[in-house]
Amino acid sequence: MKGVILMCVKELVQKNFGDNKWEEILHQSGVPRQIFVPMGDITDEDTMKVITTACTVLHLSLQQVIDAFGHHWSTLFAPKMYRLYFTGAKSSKEFLSKMDSVHVTMTQRMNGAKPPRFKYEWQNDKTVIMTYSSQRGLIDIAIACIHGVGEYYKEKLQVTKMGSDKIKIVFP
Ligand code: HEM
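Residues numbered from 1 in each chain as written. Predicted model: local features only at pLDDT ≥ 70, side-chain atom pairs only at ≥ 80, totals over all residues. Heavy atoms only, no water.

Per an unreviewed UniProt entry, the protein is named Heme NO-binding domain-containing protein, and its organism is Heliobacterium mobile.

Pasting the structure below:
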């Protein structure tokens, strides 16, 4: 997985819990600090190790850390890092409809990236079933990021997990 994911975890922890907590997580997880750069390659195992260590050190459940990640990624980290994707879409519907092509195009020139893919089945103009496909099985992270996108656009989204690969979203 690309280092950018853990850069977001790092910023989230430092901002909300302080530098010391981040150092503690890094130390306990045993993951080297050189990999926290956008194009850095981190094994999926190391990525998960940092996340589960964060749960232990911060006394939070995995779901709480995932929710905090989705919020931080979609409302603070990604709008700063990838500003044009956000300014280029006026609503969460427009933004999320582009997520498949965004992941494909932005990882095209990244060696070793294996982006998640999304398929869209529109049930009506406000309701979509998004099918998530990735060998990583991180649908809960996708859901948390979708909630965060709703917060970014200040829109109330209804997001429902339908099994291990489908997410129903109702837009306002
Ligand atoms: C501008 C916004 C976004 C950008 C630039 C972006 C970019 C990326 C990048 C670079 C990765 C790492 C891929 C790899 O290392 O193979 C990634 C992973 C991921 N992204 Fe996004 N992302 C964005 C928004 C979202 C949103 C809104 C969702 C939810 C629908 C999402 C879901 C995920 C998931 C679940 C992963 C984990 C990898 C996996 O499941 O295989 N992302 N993203």
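This part takes up the coordination of the iron atom of the ligand. Coordination of the iron atom of the ligand by the protein comes from a single atom, His103 (NE2), at 2.0 Å. You can see His103 is positioned in helix α7 (residues 99–107). (Donors = N, O, S within 2.8 Å, 3.2 Å for Na, K, Ca; no water. Helix = DSSP H or I, 4+ residues; strand = E, 2+ residues; numbered from the N terminus.)

Turning to the site of the ligand, a few remarks are in order. Lining the immediate environment of the ligand, one finds 28 residues, of which His103, Lys114, Tyr132, Ser134 and Arg136 sit closest. Note that a nitrogen atom of the ligand is positioned 2.8 Å from one of the side-chain N or O atoms of His103. The contact in question runs from an oxygen atom of the ligand to an N or O atom on the side chain of Ser134, over 2.5 Å. With respect to the pocket detection grid, the ligand is positioned in the largest cavity. Listed by contribution, the elements that provide at least two residues to the shell around the ligand are α1 (3–17), α5 (83–87), α6 (92–97), α7, β2 (127–133) and α8 (139–152). Of the residues in the shell around the ligand, the class split is 22 nonpolar, three polar and three charged. (Near = heavy atom within 4 Å. Polar contact = N/O pair within 3.5 Å; in protein donor to acceptor, adjacent residues only side chain to side chain. 1 Å grid on protein atoms, 1.4 Å probe; cavity = no way out; pocket = protein on both sides within 12 Å on 5 of 7 lines; lining within 4 Å. Sits in = over half its atoms within 2 Å of the grid points. Nonpolar A, V, L, I, M, F, W, Y, C, P; charged D, E, K, R; others polar.)

So, on to helix α2 (residues 19–29). Every buried residue belonging to α2 is among Trp22, Ile25, Leu26 and Ser29, and all of these are buried. Along the long axis of α2, the arc covered by the buried residues comes to 95°, so they all point the same way. Residues of α2 that are exposed and point over 90 degrees away from its buried face: Asn20 and His27. Packing partners of the buried residues in α2 comprise α1 and α3 (44–58). One or two positions beyond α2, positive phi appears at Gly30, with a value near 75°. (Buried < 20%, exposed > 50% of the residue type's maximum accessible area, 1.4 Å probe, protein only. Arc of directions from axis to C-beta. Contact = heavy atoms within 4.5 Å.)

Before going further, it helps to spend a moment on the packing of aromatic side chains. Under the counting rule described, the total for this entry stands at 10 aromatic pairs. Pairing Phe86 with Phe95 gives two aromatic rings, centres 4.5 Å apart and planes at 35°, and the pair type is tilted. You can call Phe86 buried: its relative accessible area is 5%. Clustering of aromatic rings is evident, with ring pairs tying together Phe69, Trp73, Phe77, Tyr82 and Tyr85. (Phe/Tyr/Trp six-rings, centres within 6.5 Å; stacked < 30°, edge-to-face > 60°.)

This part takes up the pattern of salt bridges. As enumerated under the stated definition, the model contains nine salt bridges in all. In this structure, the salt-bridge partner of Glu24 is Lys21, at a minimum N-O distance of 3.9 Å. Taken as a pair, Glu24 and Lys21 lie in helix α2 at a separation of three residues, close to a single helical turn. Note on Glu24: relative accessible area 33%, which makes it partly exposed. (Salt bridge = Lys/Arg side-chain N within 4 Å of Asp/Glu carboxyl O.)

A few words now on the domain arrangement of the protein. Segmenting the protein into domains produces domain 1 (3–60) and domain 2 (90–170). Its C-alpha centre places domain 1 at a distance of 24 Å from the equivalent point of domain 2. Residue-level contacts link four residues of domain 1 with five residues of domain 2. For the domain 1 and domain 2 pair, buried surface summed over both sides reaches about 340 Å², with 59% attributable to carbon and sulfur atoms. Where domain 1 meets domain 2, there are one salt bridge. By residue class, the composition of the side of domain 1 that touches domain 2 is two nonpolar, no polar and two charged. (Domains from an automatic or database assignment. Buried area = accessible area lost by both parts, 1.4 Å probe.)

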